[in-house]
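Below are the chains, spelled out letter by letter.
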Amino acid sequence: MTVGAKDTAHAVEAATVMRLFPPRPRLLALGEPTHGEETLLGVRNELFRQLVEQEGYRTIAVESDCLTGLVVDDHVTSGRGTLDEVMERGFSHGWGAFPGNRELVRWMRAYNEGRPASERLRFAGFDGPLEITGAASPRQALTALHDHLAARADADLLPCTADTLDRLLGDDDRWTNPAAMRDPSRSVGQTPEAARLRLLTDDLVALLDAQAPQLVAASTPDEWDRARLYGRTATGLLRYHSCMADTSPGRMARLLAVRDSMMAANLLAVAERGPALVNAHNGHLQRNRSEMRMGGQSVRWWGAGAIVAARLGDGYAFVATALGTIRHHGVDDPPPDTVEGMLYALPQDRYVVDARRLAAALGDAAPAPRVSPWHGYSPLDPAHLTDIDAMVFVKDARQG
């Protein structure tokens, strides 16, 4: 089996990756099996740098809040704010504290210095304003959408005033209450006010679509893109909060599906701008159906990558990252009969692997699934090798 792995493994370079895709993918997604490992962020940064400089990719999208990501985009395109401010305010999930993400933003800003707007590299967060402990208030997205429409559309077409939205939204702490994640009764997502907000949001988004000729003419391209982002985000957040108030057995599956659906909508919008690079957990970017066990039950849903692949076809490419060891988390040498174990036996530290050729080389000799001793790391599922376009293998994730 090691011979088959060797024959499909190549140096981690942009040219090697692109040879696996006859047409250049519109969205080239690089997954990771765990978050926050600086070794993986370094590999991502170097590969993305090459893909930008050699292959013409012009947006980098990461698994972070789509609204706070606008702070990063403003910085890398125009220099607004200091790097310290941007890393503190422009990322969710604590990602701004990682040196690899800081280096990515610093490099993007340096790359854009002196370039015309048409050649600048853009940044996007594509996750919703969501955390494991809950979801943001829809206030920011909803009021920004209303403000955009109020400044450009005929006043008598607006379905409500800003004061009405403010009254229905109420205190933001009601929306962000972390207790609502585990206790549906603590959620405000299905209150009469929330139901009214969902209808008004639908009307505002419909107005954005119906008045597009007038609104596009009265907006810069960035203003128009952001108005659509506000509409998607307000709609998704209100749907997510409604699911948090759900008491049915499918509650968690619905929450996970809504989040990935929001991610997919943001990625499709990014793809409209031109060729883009994407970085997130493998589980969000894979083509096959996602699954996890929660509370003793299996929960299944379609992730963002699966949704986007269904829409873009060959315009979407998924490069999974697989790891040998994360010793500082107790993940030691992989068993030799796993995919990770076969690749770990090769002499170099990292490879790009043609996953489908590897699957063909293995034939009926199916690798064993690897079992992780640490919940923060998700090993590669060998049953889905043919659903992966390519794989980056990194032998050791080192601490510090």
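Not measured: the values here are computed from a predicted model.

Calculation notes
Residues numbered from 1 in each chain as written. Predicted model: local features only at pLDDT ≥ 70, side-chain atom pairs only at ≥ 80, totals over all residues. Heavy atoms only, no water. Phe/Tyr/Trp six-rings, centres within 6.5 Å; stacked < 30°, edge-to-face > 60°. Helix = DSSP H or I, 4+ residues; strand = E, 2+ residues; numbered from the N terminus. Buried < 20%, exposed > 50% of the residue type's maximum accessible area, 1.4 Å probe, protein only. Lys NZ or Arg CZ within 6 Å of the ring centre and 35° of its normal. Lys, Arg positive; Asp, Glu negative; His and termini not counted. Salt bridge = Lys/Arg side-chain N within 4 Å of Asp/Glu carboxyl O. Contact = heavy atoms within 4.5 Å. Expected span 1.5 Å × (residues − 1). Pairing = 2+ DSSP bridges. Polar contact = N/O pair within 3.5 Å; in protein donor to acceptor, adjacent residues only side chain to side chain. Domains from an automatic or database assignment. Buried area = accessible area lost by both parts, 1.4 Å probe. Core = buried A, V, L, I, M, F, W, Y, C linked by side-chain atoms within 4.5 Å.

**Q** I'd like a rundown of the packing of aromatic side chains, residues and numbers included.
**A** Applying the stated criterion across every chain, the model contains 3 aromatic pairs. A ring pair is formed by Trp-107 and Tyr-111, whose centres lie 5.5 Å apart and whose planes are at 45 degrees; its orientation type is tilted. Taken together, the residues span about one helical turn, with Trp-107 and Tyr-111 both in helix α6 (residues 99–112) at a distance of 4 residues. Comparing Trp-107 with Tyr-111 shows no difference in burial state: the two are buried. Over the aromatic face of Tyr-111 sits the side chain of Arg-115, whose NZ or CZ is 3.8 Å from the ring centroid. In this structure, Lys-395 packs its charged tip against the face of Tyr-344, placed 5.3 Å from the ring centre.

**Q** Lay out the side chain of Glu-37 with the relevant residues and their values.
**A** Its location among the elements puts Glu-37 in the loop between β2 (27–32) and α3 (38–55). Buried and without a salt bridge, Glu-37 has Arg-398 as its closest oppositely charged side chain, separated by 10 Å. The contact partners of Glu-37, leaving out residues within four places of it in the chain, are Ile-326, His-328, His-329 and Ala-397.

**Q** Can you explain helix α13 (residues 251–273)? Please cite residues and give values.
**A** Since the α-helix packs 3.6 residues into each turn, any two residues three or four apart lie on the same face. The end-to-end C-alpha distance of α13 is 34 Å, a good match for the 33 Å that 23 residues give at a rise of 1.5 Å each. Following α13 by one or two positions, Gly-274 has its phi on the positive side, about 140 degrees.

**Q** Pulling in residues and values, what's your account of the sheet that holds strand β12 (residues 390–396)?
**A** The strand order β1-β11-β12-β10-β2-β7-β3-β4 describes an open sheet built from 8 strands, whose pairing is mixed. Strand pairing shows two members of the sheet lacking a second neighbour, β1 (9–10) and β4 (122–127), which therefore form its edges. The sheet contact formed by strand β3 (residues 59–65) and strand β7 (residues 276–281) spans 4 bridges and is parallel. In the sheet register, Thr-59 faces β7, and the bridge partner there is Ala-276.

**Q** Account for unusual backbone geometry, naming residues and giving values.
**A** Its identity as a non-glycine residue notwithstanding, His-93 has a phi of 60 degrees, on the positive side. With respect to the helices and strands, His-93 occurs in the loop between α5 (83–89) and α6.

**Q** Summarise the environment of Glu-340; cite the residues concerned and give the values.
**A** In this fold, Glu-340 is placed in helix α16 (residues 339–344). What makes Glu-340 buried here is its relative accessible area of 1%. It is 8.2 Å that separates the C-alpha atoms of Glu-340 and Pro-379, two residues lying 39 residues apart in sequence. The residues touching Glu-340, leaving out its near neighbours within four places in the chain, are Ala-322, Leu-323, Pro-334, Arg-370, Tyr-377, Pro-379, Leu-380 and Phe-393. A polar contact of 2.8 Å, which involves the side chain of Glu-340, links it to the backbone nitrogen of Leu-380.

**Q** Talk me through the domain arrangement of the protein chain; I want residue IDs and the actual numbers.
**A** What the domain assignment lists for the protein chain is domain 1 (1–132 + 263–396) and domain 2 (135–248). A C-alpha centroid distance of 31 Å is found between domain 1 and domain 2. The interface is formed by 15 residues belonging to domain 1 together with 15 residues belonging to domain 2. Between domain 1 and domain 2, a total of about 1200 Å² is buried, with carbon and sulfur atoms accounting for 55% of that surface.

**Q** Give a detailed account of the nonpolar core, specifying residues and quantitative values.
**A** One finds Leu-28, Leu-51, Ile-60, Phe-91, Val-105, Met-108 and Leu-277 to be the most contacted residues of the largest nonpolar core, which totals 44 residues. Per-element tally for this core: the top contributor is α3, with 6 residues. When near neighbours in sequence (up to four residues on either side) are disregarded, Leu-51 contacts Ala-14, Met-18, Leu-28, Gly-56, Tyr-57 and Leu-277. Met-263, Leu-380, Leu-385 and Ile-388 belong to the second largest nonpolar core, which has 39 residues in total.

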